[in-house]
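Listed here are the chains, written in short residue letters.
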Amino acid sequence: MTDAAEPRRLTQELLAAHPPATTDRLDFLKARFDAGLAWVHYPEGLGGLGVPRTLQAVVDAELEAAGAPDNDPRRIGIGLGMAAPTILGYGTEEQKRRYLRPLWAGEEVWCQLFSEPGAGSDLAALGTRAVREGDEWVVNGQKVWTSSAHVARWAILIARTDPDVPKHRGITYFICDMTDPGVEVRPLRQITGEAEFNEVFLTDVRIPDSRRLGDVGDGWRVAQTTLNNERVAIGGMRLPREGGMIGPVAGTWRERPELRTHDLHQRLLKLWVEAEVARLTGERLRQQLVAGQPGPEGAGMKLAFARLNQEISGLEVELLGEEGLLYEDWTMRRPELVDFTGRDAGYRYLRSKGNSIEGGTSEVLLNIVAERVLGLPSEPRTDKDVAWKDLAR
């Protein structure tokens, strides 16, 4: 199936059988998944039709025109963008059928237990331990900067299962139930005043071996699928022209002529062009994904996303002058999602500082682009063949 006729027909059948105006939102989303119209490029029975990814736009347009509900993708972005492709690539058939449907419909929120206090940029140095006891793994450790942990039911988790081999080889990938005994979530209040992130403490958490993704000790390779998809999800999201951070600045420029200066005009034009180039490059990257999984190109997109957000938000604060120094609300909250465009300029300025850290620091991503895209020599790694337990910490 390579043309739009069949997806369009199936979409019309879905709408006829489940009219959006009279069907419960969750029931409609489940029916859409079962019809293969969630991710059309996924296999049949797993929310897809096994057709090219480009045909998703046909389905989405038909459903939007009919007023059908979406699955609130910003709220469940970690599940959609990171957990789902990893489960599809490495999960058993039982795991795929258990997790993908409630994940896509938004019934179950996911979070990502990767970074640690001593393993951020150098993620492979992680020290959270998982020790096997029969058919279970007993996990102890601490994770940090965990978005949505306070509302998540499930987490994708990497832990060290063999300390006697080099750091990249002794890691295993698990699915962790965030409601299990021993899982403690604590808020991390940020510079914005909110606690969108969390730290998670794992104390004798028992994970069945049936919730392992991939082979024992092969967790780093599995995690690369997650990380590559994460960078595309952050840096390559689909936006309309003047979508994202550039929109509010351009709007202010048009509506407030008294704020304009020649210098600000030149800077805004430069950033507007760069934002449009990044948007179109992201579209091209998504089209390339039709041929397979994302590669290191996503690192370049995420780099551009972080730099542009910080420069654009800085320009916006400067454009607003004294108004830019005001801050709407510094109340301690634990939001379910990040809302850049629905808040004020001060929030955007402060929150964008995290863009060069989350999803891989800009410094690490520059190395990835240099080595895997440009083919430059890799940096010397003296710990490459040293057992994790013998590393200096």
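Rules of the game
- Residues numbered from 1 in each chain as written.
- Predicted model: local features only at pLDDT ≥ 70, side-chain atom pairs only at ≥ 80, totals over all residues.
- Heavy atoms only, no water.
- Pairing = 2+ DSSP bridges.
- Helix = DSSP H or I, 4+ residues; strand = E, 2+ residues; numbered from the N terminus.
- Buried < 20%, exposed > 50% of the residue type's maximum accessible area, 1.4 Å probe, protein only.

(A) Local environment of the pairing of strand 3 (residues 136–143). Bridge count for strand 2 (residues 129–133) against strand 3 is 5 bridges, and the pairing is antiparallel. Of the residues in strand 3, the one forming a bridge with Arg129 is Asn140. Where strand 2 hands over to strand 3, the hairpin turn is made up of 2 residues, of which Gly134 adopts a positive phi near 65°. The pairing of strand 3 with strand 7 (residues 197–208) spans 7 bridges and is antiparallel. The residue of strand 7 that forms the bridge with Val139 is Val205.

(B) Structural detail: unusual backbone geometry. Here Asp72, not a glycine, exhibits a phi torsion of approximately 55°, which is positive. Here Asp72 lies in the loop between helix 3 (56–65) and helix 4 (77–90). According to the relative accessible area criterion, Asp72 is partly exposed, its value standing at 27%. Of note, the phi angle at Trp145 is positive, near 60°, even though the residue is not glycine. Along the chain, Trp145 falls in the loop between strand 3 and strand 4 (154–160). You can call Trp145 exposed: its relative accessible area is 51%.

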